[in-house]
Amino acid sequence: MKKNRGNSHPFARILVILLFAVLLLACAYWLLCLSRPGLRARLQAKSESSIRVATININAFRYLKTPEDASEYLLSLAGENDIDVMFLQEYYQSKWFSDEDFRALMAQEYDYVITDGEQAVISRYPILDYELTTFPSSSNTFLTAHMEFNGEPVTMISVHLQTTGFNAVDDEAKTSLALGYVLKANEEVRSSQATALRSVIDASEYPVIVAGDFNSVPYSKVYRLVKKNTLKDTYLEKGKGKGATYRMLQDILRIDYVLHDNSFSCIDCVICEDYISDHRMVISTLEKK
């Protein structure tokens, strides 16, 4: 007698559906968030009404021989790309290369240099005032600067949200449920930080540019909390080619951003390949409307 095989086990069907859904989500993430059609974007010539902004998590200048070498390379990179304003997160001074040394080096090309905590801002335009805010129960910060651009104030915010925590977990824990708890806890911290940051954005009387390391991928809860429906992502607007900004974890994460409100239009956005950190620099040119 032939055995009646019947239908396949319901669990097997559910597993296939789940795997298919994960594959679809992965493809959607790649197409929508990480790889824009066409060749890599090229920076265009600036106009008098445009400002070129760059952001990078510099990771304490660890990736070149010395902090001085890294700072000199950073300055040359800024010159080659005609950058007007640079935001650095995880800025770090050492006893061999102090804040004063860094500011003196940057002053060769930039009139305004701020270093405060883990943040640094280097600008060709006058910085009218600034405030460093440390998130509650965290070492992470955001720096709000009011900058004069073409005679008008602009609110510029450099932000570094809570790290994902993957690298801080030991190898054994990465194969256990402990990793899930760590990642979930850090996501909750970032969500709280994003809400606090959003309140500052909403309170600004001036045009707003937000740049920095969100430690969150596009369309995550954190990204959506910061961006809402008032800010635009320059990579989604004008970026081309692969958009990964974090070199580790198989080089698939875009977690660094330049966002702007409707006072600006994006001219171009480039993800810089120069190896100066484990993060890639994001460079965007914005035109004041």
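Reading the values: rules and limits
Residues numbered from 1 in each chain as written. Predicted model: local features only at pLDDT ≥ 70, side-chain atom pairs only at ≥ 80, totals over all residues. Heavy atoms only, no water. Buried < 20%, exposed > 50% of the residue type's maximum accessible area, 1.4 Å probe, protein only. Helix = DSSP H or I, 4+ residues; strand = E, 2+ residues; numbered from the N terminus. Arc of directions from axis to C-beta. Contact = heavy atoms within 4.5 Å. Expected span 1.5 Å × (residues − 1). Pairing = 2+ DSSP bridges. Axes fitted to C-alpha atoms, helices over the stretch in contact; angles between N-to-C directions.

Peer 1: Quick one: what's the story with helix α3 (residues 99-106), residue by residue and with numbers?
Peer 2: Given 3.6 residues per turn, any residue in an α-helix points the same way as the ones three and four places further on. Where α3 is concerned, the buried positions are Asp99, Phe102, Leu105 and Met106. Considered in projection along α3, the buried side chains sweep an arc of 130° and stay on one side of the axis. Structurally, α3 contributes buried residues whose contacts are with α2 (67-80), β3 (85-89), β4 (112-116) and β5 (119-123).

Peer 1: Which residues make up α2, and what values go with them?
Peer 2: Taking 1.5 Å as the rise per residue, α2 with 14 residues should run 20 Å; its terminal C-alpha atoms sit 20 Å apart, in good agreement. Taken together, the buried positions of α2 are occupied by Pro67, Ala70, Ser71, Leu74, Leu75, Leu77 and Ala78. Projected down its long axis, α2 shows its buried positions confined to an angular sector of 160°, all on one face. Trailing α2 by a residue or two, Asp82 shows a phi angle of about 55°, which is positive.

Peer 1: Any chance you could break down the sheet that holds strand β13 (residues 264-271) for me, citing the residues and the numbers?
Peer 2: Either a parallel or an antiparallel arrangement is found when strands of a sheet pair, and the pairing is made through backbone hydrogen bonds. Read from one edge of the open sheet, 6 strands run β4-β5-β3-β2-β14-β13, paired in mixed fashion. Every other strand in the sheet has two partners, leaving β4 and β13 as the edge strands with one partner each. On average, each strand axis in the sheet is inclined to that of its neighbour by 15°, with strand direction left out of account. As paired elements, strand β2 (residues 50-57) and β3 share 5 bridges and run parallel to each other. Bridging from a neighbouring strand, Ala54 pairs with Met86 of β3. The strands touched by α3 within the sheet are β3, β4 and β5, with β4 carrying the most contacts at an inclination of about 160°.

Peer 1: Mind laying out the environment of Met281, listing which residues take part and the relevant values?
Peer 2: Within the fold, Met281 resides in the loop between β13 and β14 (282-288). Sequence separation between Met281 and Gly212 is 69 residues, and the spatial gap between their C-alpha atoms is 9.7 Å. Here Met281 is in contact with Ala54, Thr55, Ile56, Leu74, Leu77, Ile83, Met86, Val270, Ile271 and Cys272, once residues within four sequence places are set aside.

Everything listed is a geometric property; what it means functionally is a separate question.
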